[in-house]
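# Fold and contact review
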Amino acid sequence: MNRLLSLLFQQGVLDEQFLQLQQLQDQTSPNFVSEVVTIYFHESEKQLRNLRNILLDREMWDYVKLGIHLNQLMGSSSSIGAKRVRNICAAFRTAVEQNNRSACMRALEVLEHEYCYLKNKLHELFQIEQQRVLGDAVRYPGVVHQQ
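To start, this report covers the structure provided alongside it. (Residues numbered from 1 in each chain as written. Predicted model: local features only at pLDDT ≥ 70, side-chain atom pairs only at ≥ 80, totals over all residues. Heavy atoms only, no water.)

### Some thoughts on the overall build of the protein
Quick note on the threshold: The helix count covers DSSP runs of H or I at least four residues long, the strand count covers runs of E at least two residues long, and both are numbered beginning at the N terminus. Burial classes: relative accessible area under 20% of the type maximum marks a residue as buried, over 50% as exposed, and values in between as partly exposed (1.4 Å probe, protein chains only). Any two residues whose heavy atoms approach within 4.5 Å at even a single point are treated as in contact.
Of the regular secondary structure elements, the protein holds 6 helices and 0 strands. Mapped in sequence order, the helices and strands of the protein form the string α-α-α-α-α-α. Across the 147 residues that make up the protein, the buried fraction comes to 35%. Once local pairs closer than 6 in sequence are excluded, the contacts in the protein between residues at least 24 apart make up 63%.

Below is the structure:
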């Protein structure tokens with residue numbers, strides 16, 4: 001788990017905000033990080049869908065709505081430490097401010113790709129953690145594992 005987490009930091013996928021989120025997890029809320037991240041994924045997928053729908057609507061090209069959805073996605077990404085997603089949102093917002101539709105389409109493709117990478121890697125991280133906790137429970141039955 002530590003190797004994967006280190007890799008995600010080295011790649012700039014995550015930042016220190018993710019570590020702060022992990023520090024909020026304790027015995028009373030052992031799944032706190034995965035629960036917060038699951039909510040983030042659910043909400044982010046809505047935002048990505050909204051962005052794509054706005055960009056694909058040739059009749060109603062609404063830069064204001066694009067900006068609103070991007071700001072929401074950027075804020076929630078920042079709150080969980082999703083650094084690269086947040087940075088791509090910022091670049092996307094620049095394309096929106098310049099009313100550059102083709103740059104917006106390219107930015108959306110990059111954003112969707114980066115979002116999928118983040119989601120896959122965090123799922124992998126949570127699976128490793130779950131296996132570790134289950135392994136500890138098998139090795140030390142009746143002993144509560146501290147995180």
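### A look at the packing of aromatic side chains
Which entries qualify depends on this criterion: Here the aromatic set is Phe, Tyr and Trp, taking the six-membered ring for Trp, and pairing holds for ring centres within 6.5 Å; pairs whose planes are under 30 degrees apart are stacked, those over 60 apart are edge-to-face, and all others are tilted.
This model, assessed by the stated rule, comprises 3 aromatic pairs. Taking 5.6 Å as the distance between ring centres and 55° as the angle between the ring planes, the aromatic pair formed by Y40 and F41 counts as tilted. Accessibility assignment for this pair places Y40 and F41 in one class, buried. Each ring, one from Y40 and one from Y115, has its centre 6.5 Å from the other, and the planes form 50°; the classification is tilted. Linking Y40 in helix α3 (residues 32–56) with Y115 in helix α6 (residues 101–139), this pair joins segments that are 75 residues apart in sequence.

### Here we look at the packing of helix α2 (residues 16–23) against helix α4 (residues 63–80)
Test applied: For helices, the axis comes from a line fit to the C-alpha atoms of the stretch in contact; other axes are also lines fit to C-alpha atoms, and the angle between any two N-to-C directions lies between 0 and 180 degrees. Note that Gly is not counted as nonpolar here; it falls among the polar residues with everything else outside the nonpolar set of Ala, Val, Leu, Ile, Met, Phe, Trp, Tyr, Cys and Pro and the charged set of Asp, Glu, Lys and Arg.
Running from N to C, α2 and α4 cross one another at 65°; their axes reach a closest spacing of 6 Å. Between α2 and α4, the contacting residues are Q17, F18 and L21 on the first element and S78, S79 and I80 on the second. Here the residues of the contact of α2 with α4 are counted per class, giving 3 nonpolar, 3 polar and no charged.

### Brief notes about the environment of E129
Residue position: E129 is located in helix α6. Owing to a relative accessible area of 13%, E129 belongs among the buried residues under this scheme. Remark: the alpha-carbon pair of E129 and N2, spanning 127 residues in sequence, is separated by 9.8 Å.

### Quick look at the nonpolar core
One broad rule of soluble globular proteins: the nonpolar side chains tend to lie buried together. Note the threshold: What makes a nonpolar core is a set of buried Ala, Val, Leu, Ile, Met, Phe, Trp, Tyr and Cys residues whose side-chain atoms join them at distances within 4.5 Å.
In this structure, Y40, L51, F92, L111 and L118 are the most contacted members of the largest nonpolar core, which totals 37 residues. Among the elements of the structure, α1 (2–10), α2, α3, α4, α5 (83–97) and α6 are those that each provide at least two residues to this core. Each residue touching Y40, except ones within four places of it in the same chain, is listed here: L73, S76, S77, I80, A82, V85, Y115 and L118.

### Some words on the pattern of salt bridges
Oppositely charged side chains can pair when the atoms bearing their charge come close. Spelled out, the test is: The salt bridge definition used is simple: a Lys or Arg side-chain nitrogen within 4 Å of an Asp or Glu carboxyl oxygen.
Using the criterion set out here, one finds 7 salt bridges in the structure. Salt-bridge contacts for K119 lead to E45; the nearest nitrogen and oxygen are separated by 2.3 Å. With K119 in helix α6 and E45 in helix α3, this residue pair connects regions lying 74 residues apart in the sequence.

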